[in-house]
Each structure stands twice: as structure tokens, then as C-alpha cells.
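Chain by chain, the residues:
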Amino acid sequence: MTNTIKVQLLHNLLDEVSGRYDYLYDANRNALEKIQYSASHDTLTGLANRVAFEENLERSISAAKRHGDIGAVLFMDLDNFKQVNDTIGHEEGDQLLCDVANKIKPQLREEDFFARFGGDEFVILIERISDDVDRAMMVTLDICEKILKCAKHSYYVGGHTFFVTASIGAVLFGSEEMAIQGDLIRHADVAMYEAKKRGKDQVVFFEEAIETRLNEQVLIENKVRLALESESLVLHYQPKVNREGMVIGLEALVRIREDDGSLIYPDRFITLCEERNLIVSLSEKVLMEVCNTLKSWENDDRLALIDIAVNISPVWLSQPTFIENVEIILRESGADPHRLLFEITESIELTDIQNKMVVIERCANLGIRFSLDDFGTGYSSLAYIKELPLYEIKIDRSLIVQCGENMAGEKSENHNRFIRAIIVMSKSLGLIVTIEGIDTSTAAKALWEMGCDVIQGYFYSKPIDQKAVEVFILENHLQIPTNNKTSESDFIK
Ligand code: C2E
Ligand code: MG
Ligand code: MG
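Residues numbered from 1 in each chain as written. Chains lettered and ligands numbered in written order. Predicted model: local features only at pLDDT ≥ 70, side-chain atom pairs only at ≥ 80, totals over all residues. Heavy atoms only, no water.

## Digging into the coordination of the magnesium ion (ligand 2)
Put simply, the rule reads: Counted as donors are the N, O and S atoms within 2.8 Å of the metal, or 3.2 Å for Na, K and Ca, while water is not among the atoms, so some sites may look incomplete. Secondary structure follows DSSP: runs of H or I at least 4 residues long count as helices, runs of E at least 2 residues long count as strands, and numbering of each begins at the N terminus.
Every protein donor of the magnesium ion (ligand 2) is listed here as Glu-251 (OE), Asn-311 (OD1), Glu-343 (OE) and Asp-373 (OD), and their distances to the metal cover 2.0 to 2.2 Å. For the magnesium ion (ligand 2), the single-chain donor residues occur in sequence as E-x59-N-x31-E-x29-D. In this structure, the magnesium ion (ligand 2) lies 3.8 Å away from the magnesium ion (ligand 3), the two metals sharing Asp-373 as a donor. Note that Glu-251 is positioned in strand S9 (residues 247-257) and Glu-343 in strand S12 (residues 340-345), a separation of 92 residues in sequence.

Shown next as C-alpha cells:
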């Protein structure tokens, strides 16, 4: 081999080695870049992920404090996205998420930081909005509204068209007194939940009060859970009085007794129980106790005539196990279902009326009667009265507070005519008309005169415990008000 050939061969070898080295270097660099990319990006949408967002936020907060600028964190969540996933499956759901992200991205400035935290949760960091809080808030609101308007759209995926809206929680940062980083994302999240609660498709700015309420809800939820396992769930009974002044029935009202003996009222925990899957356990406990009370009164001539009404949550009523639960409780307690009334409200959706009708009719076949509670607070749809096999209609306190002394002159006369018309209509449909929430003799007198059948209210008695209500039924003789009786103390002797 000549020297020239040797040199040529050496060159070739070096070229090959360096080519391989370049290749290996590129491959390594690509792999490294890929790792770096996936550590900071969301693989589905290509947006930044939570890690990158948090890093960026930290840097952004320090910068905002240094420059005296105010920025904002927006937490956005699609409304009812779970339904989309459940209808078309996850793959198509993913497509919809990408479509939404692609629609929103052009609405933001180059320097805004848009990230996806997972699921249908998107977060946006907006820097240097203004050095004035009010102005920053206005601008943030405008941005949020632009985003909401843009997200609100129908999307065609998986052969279905979905109408999508979103909810946004917003929080500002920058000035000294504003939240520290650890809290910012959580606060924006809390505000987003509030936006959902207020009806979705809107923006809510974080306020301390929202968090305080949320904390209170967690506290109450724990109390309910504890009460369900202990004796601290108590029932009070409120008497219902007929035109002869006789107690003909009671409404069972649930409370939680605190360690110090004070009571937590249902307005603070029923909706929460419905949201947190606690309503079935709570309702079963209440119904069981009512049935045990009815059973224990069976051999008493007077108490055996008393009906007890139980409030039935629409969430419990729509459970497939509802009727089974009721049958089991009736069987175990041995109570007579003919003494039971189930109070349902207008909030039960008429859309699902066929299924509800089947359940309601099965209960009616057992002998349970139905009462339409809080009439006048919802849509007061006459369809309920027409469709449901009702026994009683309970006109809500809010409709009658204006009766009697609270209004004067023609306005009062008009209102009274309106109530009278409801009473006449209900009675002509064969319904018992009960007025609830009567707490003055004037209102009671006015409503007896208008022809209602039953009155329930503080005027006769507040809700009281079982022992007290037994005494009330057995020892009190009530009289219905007449024109010459005006003193409240006259009525309960
Ligand atoms: P509701 O069924 O309309 O019950 C009547 C409410 O009005 C009761 O409040 C009662 O104490 C109150 N009330 C009665 N008379 C008067 C009056 O003269 N003046 C005033 N200001 N209020 C009066 P409570 O016990 O706080 O119950 C509130 C609501 O909680 C009930 O409204 C019912 O919807 C719900 N609830 C109560 N117990 C249960 C239960 O066991 N299960 C379910 N699902 N809901 C329940
Ligand atoms: Mg009720
Ligand atoms: Mg009511």
C-alpha cells in the first residue's frame, strides 16, 4: 500500500468516525430535548404543563413585586366536559380539548403563559397588566370575557356536536398584600368552582369570603359524616293544624346537634349532602326514625291519627334504589305507610317525569301520599299539579308573608286575591291546601278566612323534639282565630 493510499484510508476513517460522532451527538441532543420538552409540556395539546407553569409563576411574581406591576392567574375549566367524555369516549374528548386550546391560543398575547394542568383544566398567566389594582381587574375581566366568548362554541367531534362553555376563576398578584404563590393557583381554582356554582359560563374573582365559605362547607361535611355515625342527627317535628284547631300531622325536620347542645339547621347541610353523596344515608336515617316514631304511636288512640311528612330530596328520589330503600325501611320498622307523606319540591325535573312518575306511583300503591312543598318558590308549574298524584299542596311562606298586616290597601287586596285563587284552584283539584310559615295571628286569620285547610308555622308551634310534640298533641287544645281574637297568646292554651 502506498503512503498516499494509507493517508486516504485514514481520512476516510476519520470522516466516518466524526460522522458517527455527529450522529450520536445529534441523537443524544434530540433525546435530551425530547425529555426536556415532555418534562415541561402537555403531550396532548403541546401547551406548557403544571411544572413549567409553576416555575414561570414564581419568576413572574418576583418580577411583578420588583416592578410594581400586577398580573393575573386564570384557572379555566370546561363546563360539563365529563358528559362529553362519557358520550363519545376519551379519544374524541381529547380532540375537543385540543380544539378548545387552539381556539383560545390566538386570543392571548405572545407573552401570556398558557398551560394545561390535565383533564379539562387550563391555566393562564398574564403579566404586567397594570400598576393599578382596579385597572388590572378591569383588564383581566375583559380578557376572561374574551376567552369565555371564544370557548363558547359548538364543536363537532366523533360524529356529535357539543356546545361547550367554560368557567374561569381569576386572581391578581403583584402588590405586597396579595396572595403568595403557594396560594395563587388554589385561590384561582376556588374562584373557578364558585363560577361553576353560580351557573357556569362566567368568571369569578377570588375573594376571602369564598374560601371561608368553602372551609365552612368542609367543616359541615365532616359534622354530617360524624352525625351519620353517631346520635347527633336529630329530628324535630312541626305541628300542622286543621280548621278545627286539631293537630292532624307533623313535618319531620332534620338537625345536627353540636357538642354544646346547639343545632345546625338543614339549610346549611342538605344541598351539601346532595352534592357530596351523603343524601341517601341521611334520608334513610330520617325516614327510619320517622317510621319508628309512627310505629311507637300505633297503640295510642290520639297519636295513631297523626300523619308525618318527610322531605324527600330530588337527588334521593332519582336513585334507582329509592323505592327499595323505602320498602326495606317500612318492612323493618313495621310502620303504616298510610300515615306517611312524602314532600317533594318543584325542583324535581319534569324532563325525567316518566321515571319519577313510576317511583311516585309505586310509593302511592304502598299507601304513601305526596305533597308538593314550597309551592310558589320555583316555577310554580301547573304541570306538576296536573301530572303528579298529589294529596296536598304546601304554599310557601314567601308567598304569604305579604298577607295580613304586612301590606296595606289595594296592593294587599290584590295579593290576597292571588292567594285566594291558588287556594280555590288547588281545592277544586281535590288537593289539601296547607300554608306554611305562618307566624302571626293576623296572617293566620287572613288565611283561614281565605279557605286554606291546614296551617303550619311558628304561630302554632316551632319544630320541637318528639317528646315535646307528643305533649303538644295530647295536651293542647288549639282554636282557630276569629275576627275578635288578636292576641297571639290566645291560640295555644
Ligand atoms: P321546608 O320543608 O319548607 O320546611 C319548612 C321550614 O320552614 C323549616 O325550616 C321550618 O322550621 C320553617 N318554618 C316553619 N314555620 C315557620 C315560620 O312560621 N316562620 C319561619 N321563619 N320559618 C318557619 P328548617 O327546619 O330549617 O328546614 C329548612 C328546609 O330544609 C326544609 O324546608 C326542607 O326543604 C329541608 N329539610 C329539612 N329536613 C329535611 C330532611 O329530613 N330531608 C331533606 N331532604 N330536606 C330537609
Ligand atoms: Mg317541607
Ligand atoms: Mg316548605
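## Brief notes about empty space enclosed by the protein
What counts is decided by this rule: The way it works is a 1 Å grid over only the protein atoms, where trapped points that fit a 1.4 Å probe form a cavity and open points with protein on both sides within 12 Å along at least five of seven lines form a pocket, and then any residue with an atom within 4 Å of a point lines it. Grid points are joined across faces, edges and corners, and a volume is the space filled by probe spheres set on the points.
What the rule picks out here adds up to one cavity of 30 Å³ or more. Its boundaries defined by the atoms lining it, the largest cavity holds a volume of some 40 Å³. Ser-60, Ala-63, Ala-64, His-67, Asp-69, Glu-127 and Arg-128 are the residues that line the largest cavity. Secondary-structure elements contributing two or more residues to the lining of the largest cavity are helix H2 (50-67) and strand S3 (121-130). Broken down by element, the residue count for the lining of the largest cavity peaks at four residues, all from H2.

## Quick look at the pattern of salt bridges
Proximity of charged atoms lets side chains of opposite charge pair with each other. The criterion, for reference: Should a side-chain nitrogen of Lys or Arg be within 4 Å of a carboxyl oxygen of Asp or Glu, the pair is scored as a salt bridge. Throughout this description, buried means an accessible area under 20% of the type-specific maximum (1.4 Å probe, protein chains only), exposed means over 50%, and partly exposed covers the range between.
Within the structure shown, the criterion is met by 28 salt bridges. Between Arg-339 and Asp-307 there is a salt bridge; the shortest N-O distance is 2.9 Å. Placement of the pair is Arg-339 in the loop between helix H11 (322-333) and S12 and Asp-307 in strand S11 (residues 307-311), with a sequence separation of 32 residues. You can call Arg-339 partly exposed: its relative accessible area is 24%. Shared partners join several salt bridges into a network, and the residues in it are Glu-251, Glu-343, Lys-394 and Glu-436.

## Quick notes on the coordination of the magnesium ion (ligand 3)
Summarising the metal site, the magnesium ion (ligand 3) is bound by the protein donors Asp-373 (OD), Asp-374 (OD) and Glu-436 (OE), whose distances to it range over 1.9 to 2.3 Å. Along the chain, the residues that donate to the magnesium ion (ligand 3) are spaced as D-D-x61-E. Using a relative accessible area of 10% as the deciding quantity, one classes Glu-436 as buried.

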